[in-house]
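Below are the chains, spelled out letter by letter.
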Amino acid sequence: MRGIILNFSIQENTGYISGDDGKRYVFTGKEWKETFAPEKGKKVDFEVNISSEACSVYCIMYQENDANKLNIGSHIADDTHQKPTPQITESYINQLEVEKTYGTMSWFKKCMKNYVNFAGRARRSEFWNFVLMICFIQIIPSIIISITTYFITANQYRSYSYYSYSSGIGMNDFAQIFGISFVMAFIVTCAYCFICSCIFLLPSIAVTARRLHDIGLSGWWASLIILTYISPLLMLMGGIFFAMIVYIVICILFIVWCSTDTKPQANEWGLPAK
């Protein structure tokens, strides 16, 4: 089927096509098969999947009445299908205006919506607001969980008070019972943080890849995040010094990269994020 692109948001990685059948079809950047960004008004050829969404979207680089010109020579066809650089569109400008009103929650929702979108670009605000929200989700509940676990476990200390007095248990046993509350609070808090880290692993890698694209680096560098999950295992295996060095180096790299301002030029991953 063929149609015309109505609009496409680079930041949301979603667009709409008006098909020749009079219906509108949504499509994502994953289904866009060209190397340049989709533009409003471009004529495209696409298929429709079982969800009534456009897939395998290709841009038609020539008009129907000029198709016969392709038979003149192969060099003409090659020139016709030359890949242009991304151009600034109205939808791109409108999206940038909308993002000026974004707060922390809006950026977080956008990142979660694009949790497996490793294409496109992301500005510093998008990345750091997502990081801020993750810290908030992990730190505040962790404090509540650790305090709650501590007091629940510490009750064991009180419940054994009379028994220890009557049976002659010494102060060392008191200290052991009292110390259990700290250990349990630590274990439960670590478990909660690990679960959160697993949930946010893919969105974190995706937004980091888009942030790296925005400064002209390959998104594959974002895979280094996985090493930060392996570092605690290395510590448990005895390689504490090596694990700490790896963790610190990776953190410094990402802090520097993700704090770098947007490159104003368009690149292979699209137009600038701001």
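Bear in mind that the values here come from a model prediction, so they are computed numbers and not experimental data.

### Observations regarding the overall build of the chain
Here comes step 1: Helix and strand content of the chain: 9 helices and 5 strands.
Here comes step 2: Going from N to C terminus, the chain has its helices and strands arranged as β-β-β-β-β-α-α-α-α-α-α-α-α-α.
Here comes step 3: Contacts in the chain between residues far apart in sequence, at least 24 positions, make up 62% of those at least 6 positions apart.
Here comes step 4: For the chain, the exposed area adds up to about 16,400 Å²; of that, 64% sits on carbon and sulfur atoms.

### What to know about the pattern of salt bridges
Here comes step 1: Applying the stated rule across the entire model yields 9 salt bridges.
Here comes step 2: Its salt-bridge partner being E97, residue K100 comes within 3.2 Å of it at the nearest N-O pair.
Here comes step 3: Residue classification places K100 among the exposed residues on the basis of a relative accessible area of 60%.
Here comes step 4: We note a salt bridge from E126 to K110, for which the minimum N-O separation is 3.2 Å. With a gap of 16 residues between them, E126 in helix α4 (residues 124-159) and K110 in helix α3 (residues 104-113) connect regions that are remote in the sequence. Each of the two residues, E126 as well as K110, counts as buried.

### Focus: the confidence of the model for the chain
Here comes step 1: Of all residues in the chain, 74% have pLDDT values of 70 or greater, and the mean over the chain is 77.
Here comes step 2: At the level of individual helices and strands, the chain shows its lowest average pLDDT in helix α1 (residues 74-80), which scores 41, and its highest in helix α7 (residues 201-214), which scores 92.
Here comes step 3: Segment residues 62-83 is flagged for pLDDT under 50; beyond a separation of four residues in sequence, or across chains, it makes 15 contacts in the model.
Here comes step 4: Note that pLDDT drops below 50 for residues 162-172; the model gives that stretch 3 contacts with residues more than four away or on any other chain.

Rules used in this analysis
Residues numbered from 1 in each chain as written. Predicted model: local features only at pLDDT ≥ 70, side-chain atom pairs only at ≥ 80, totals over all residues. Heavy atoms only, no water. Helix = DSSP H or I, 4+ residues; strand = E, 2+ residues; numbered from the N terminus. Contact = heavy atoms within 4.5 Å. Areas by Shrake-Rupley, 256 points an atom, 1.4 Å probe, with all protein chains shown as cover. Salt bridge = Lys/Arg side-chain N within 4 Å of Asp/Glu carboxyl O. Buried < 20%, exposed > 50% of the residue type's maximum accessible area, 1.4 Å probe, protein only. pLDDT = per-residue confidence, 0-100.

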